[in-house]
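Analysis of the macromolecular model
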Amino acid sequence: MDEITRDVVVIGAGAAGLTAANDLRKAGLSVVVLEARDRVGGRLWTDVIDGAMLELGGQWVSPDQEALIDTAADLGLSLYSRYREGDSVYVGPDGETKRFTGEMFPVAPETEKVIDEVTARLDAMVAEIDPDRPWAHPQAAEWDAISWDAWLRQQTDDDEAIRNLAFATGSAMLTKPTHTFSLLQSLHMAASAGSYSNLVDADFILDKRVVGGLQQVPELLAERLGDDVLLNQPVRRIIWGAEAAAPERAADAATGQRVDDLRALTARVEAAKTSSSGVTVIADGVTVRARFAILALAPVLYSRISFEPPLPRLQHQMHQHISMGFVIKVHAVYETPFWREKGLSGTAFSPYELAHEAYDNTNHGDERGTLVGFVSDHNADDLFRLSAEERRERILESLSHYYGPEAKNPVVYYESDWGTEEWTRGAYAASFDMGGLHRYGADLREPIGALHLACSDMAGAGFQHVDGAIRQGRRAAAEILERTRG
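A short tour of the structure in this document, coming up. (Residues numbered from 1 in each chain as written. Predicted model: local features only at pLDDT ≥ 70, side-chain atom pairs only at ≥ 80, totals over all residues. Heavy atoms only, no water.)

1. A short note on the overall build of the protein
In terms of helices and strands, the protein carries 18 helices and 22 strands. Taking 23 Å as the expected radius of gyration for a compact globule of 486 residues, we find that the protein reaches 24 Å, a close match to that expectation. Principal-axis analysis of the C-alpha atoms gives the protein an extent of 75 × 50 × 45 Å. Going through the 486 residues of the protein one by one, you find that 57% of them count as buried. The long-range fraction of contacts in the protein, counting pairs at least 24 apart against all pairs at least 6 apart in sequence, stands at 76%. Carbon and sulfur atoms make up 48% of the accessible area of the protein, which amounts to about 19800 Å² in all. (Helix = DSSP H or I, 4+ residues; strand = E, 2+ residues; numbered from the N terminus. Rg over C-alpha atoms; globule rule 2.2 N^0.38 Å. Buried < 20%, exposed > 50% of the residue type's maximum accessible area, 1.4 Å probe, protein only. Contact = heavy atoms within 4.5 Å. Areas by Shrake-Rupley, 256 points an atom, 1.4 Å probe, with all protein chains shown as cover.)

Printed below as a string of structure tokens:
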């Protein structure tokens, strides 16, 4: 096994890790990036499926995502607007398909009034939330103790209004059932985009795409690092702090000796927090000795690594309260964008449909038409109990309710299943369960000795998005640079 020495070892070649590595190298530190997959990009992945270029993971850029926009410009990438000319489509509780323009769904006047009132209430609450410190709000504990679903049902008994209000942070973003996460987590999701209104405005949150695919951001960042990005290198062990061996214990040692061993282990963990011994990172084909490490991967994957000594008890507890959401991203490519001929923008919503939202996702300059739809949380779970043929049939049937029978006959069809991907295990991102954000949020990004942390899942602004990953990569790099200068 090869052994190398660097100032910093970065674990994870997504946007966060590669941003941090580039910032550190620019500052004069030596770096190496270890990636478990055979590609860079993490949850950004552009590939050609049956002759069609598809963005299997993240893809959109909104106007508030300044870190991503600046990075894309620095890398020489071009952006283009999502197609949105024509009418949008909404399917209501009676199954009727209605065309509409503007932001408000074509619902009954009394339902529209409720949606407007609650949206205004949410915008006012979100305006008080610091996206980097949502747990610091005076009512954070109270808001973290009630589910998003329960809070909405306190505001109104209009079921259609509740479903449409819940959608933005539930099915569409956190991709979890709305009874499983808190009002505070929902407000944080909205605050990360500037407001709840921004989050529900598809023309804002899904504004632009990158010509050629968003994965080019990490690919071009990796190119700047050259041979210091190593693929197919899943990290198995991290030795951090002093490398003192665990005390020897005879097989027949008394219980008291075992208690002493536990005390000694706790002391090692505490010592590691302040140790200057650096880290040793052991991957499948290389061992890296470094002054610092950046864990640039989703916190739900930390358990795949053996830490010696173990991480502190706070991290062990906290990470049990973080989980990935789950959504199926469905790609359907057609010979032409037939919906445009019907005067449709391709934008479609319904809290009653299997595919709760769908959009025109036609690639820049492509004569063919592409639709992208999403199936979230328990609906996604249920679909994967079916055969591939049954899944396809049911999803395309749902899309046909928006666009007509032509939607049932794509020339290319593909389902992005990030739940099966070994080094991801869900989509879009990880978030806290009920009560977890107020209880543990302040500790989520804190360095642990020589271990620094960076991931979109722990972002404030840009939470769950590439923009947040870039911001977190910059933060982790800045933390290390401050320590080296101190």
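2. Focus on the sheet that holds strand 9 (residues 208-210)
Ordered by their spatial adjacency, 3 strands build an open sheet running 5-9-6, and the pairing between neighbours is antiparallel. Two strands bound the open sheet, and with one partner strand each, they are strand 5 (60-61) and strand 6 (79-81). Relative to strand 9, strand 5 runs antiparallel, the two being bridged by 2 bridges. Its bridge partner lying in strand 9, Trp 60 is registered against Arg 209. (Pairing = 2+ DSSP bridges.)

3. Details of the nonpolar core
Among the nonpolar cores identified, the biggest contains 125 residues, and Ile 238 and Ile 294 are the most heavily contacted of them. Not counting chain neighbours up to four residues away, the residues in contact with Ile 238 comprise Ile 11, Thr 280, Val 281, Leu 295, Ile 305, Ser 306, Phe 307, Glu 308 and Leu 451. Judged by nonpolar contacts, the second largest core, of 24 residues, contains Phe 326, Trp 339, Leu 344 and Ala 348. (Core = buried A, V, L, I, M, F, W, Y, C linked by side-chain atoms within 4.5 Å.)

4. Focus: the pattern of salt bridges
Counted by the stated rule, this structure contains 28 salt bridges. Residues Glu 270 and Lys 273 are paired through a salt bridge, measuring 3.1 Å at the closest nitrogen-oxygen approach. One end of the pair is Glu 270 and the other is Lys 273, both in helix 12 (residues 255-274) and 3 residues apart, which spans about a single turn. On the accessibility criterion, Lys 273 (33% relative accessible area) is partly exposed. The residue Asp 360 makes a salt bridge to Arg 340 at a minimum N-O spacing of 2.9 Å. Within this pair, whereas Asp 360 is found in strand 18 (residues 357-360), its partner Arg 340 is found in helix 14 (residues 338-341), the two being separated by 20 residues in sequence. Note on Asp 360: relative accessible area 2%, which makes it buried. (Salt bridge = Lys/Arg side-chain N within 4 Å of Asp/Glu carboxyl O.)

5. Regarding helix 11 (residues 216-225)
For helix 11, the complete set of buried residues consists of Val 217, Pro 218, Leu 221, Ala 222 and Leu 225. For helix 11, the arc enclosing every buried residue in end-on projection is 125 degrees, short of the 170-degree limit, so these residues lie on one face. Buried residues along helix 11 sit in contact with helix 1 (15-26), strand 2 (31-34), helix 2 (66-74) and strand 10 (229-230). A positive backbone phi angle near 55 degrees is found at Gly 226, which sits one or two residues after helix 11. (Arc of directions from axis to C-beta.)

6. Thoughts on the pairing of strand 4 (residues 52-55)
When strand 3 (residues 46-49) meets strand 4, the two strands line up antiparallel, connected through 4 bridges. Note that in strand 4 the partner of Ile 49 across the bridge is Ala 52. Between strand 3 and strand 4, which pair antiparallel one after the other, the connecting turn spans 2 residues, and Asp 50 there sits at a positive phi close to 50 degrees.

7. Remarks on the sheet that holds strand 17 (residues 344-349)
If you trace the 7 strands from one edge of the open sheet to the other, you get 8-7-17-18-19-16-20, paired in mixed fashion. Across the chains shown, the open sheet's two edge strands, defined by having one partner strand only, are strand 8 (97-100) and strand 20 (412-416). Between one strand axis and the next, the sheet turns by 20 degrees as a mean value, whatever way the strands run. The sheet contact formed by strand 16 (residues 327-334) and strand 20 spans 5 bridges and is antiparallel. Following the sheet pairing, Val 330 is matched in strand 20 by Glu 415. Where helix 16 (residues 388-403) meets the sheet, it contacts strand 7 (87-91), strand 8, strand 16, strand 17, strand 18, strand 19 (369-376) and strand 20, and its direction lies at approximately 110 degrees from that of strand 20. (Axes fitted to C-alpha atoms, helices over the stretch in contact; angles between N-to-C directions.)

8. Focus: the packing of helix 3 (residues 109-127) against helix 8 (residues 183-191)
Running from amino to carboxyl end, helix 3 crosses helix 8 at an angle of 80 degrees, the nearest separation of the two axes being 9 Å. Taken together, the axes of helix 3 and helix 8 are roughly perpendicular relative to one another. Taking contact as the criterion, the partners of Leu 122, Met 125 and Val 126 in helix 3 are, on helix 8, Leu 183, Leu 187, Ala 190 and Ala 191. Each residue belonging to the contact of helix 3 with helix 8 can be placed in one class, and the counts come to 7 nonpolar, no polar and no charged. (Parallel < 35°, antiparallel > 145°, perpendicular 65-115°, else oblique. Nonpolar A, V, L, I, M, F, W, Y, C, P; charged D, E, K, R; others polar.)

9. Thoughts on the pairing of strand 11 (residues 235-240)
Where strand 11 and strand 12 (residues 279-283) come together, 5 bridges link them in antiparallel fashion. Within the sheet, the bridge partner assigned to Arg 237 lies in strand 12 and is Ile 282. The pairing of strand 11 with strand 14 (residues 306-308) spans 3 bridges and is classified as parallel. Counterpart to Arg 237 in the pairing with strand 14 is Ser 306.

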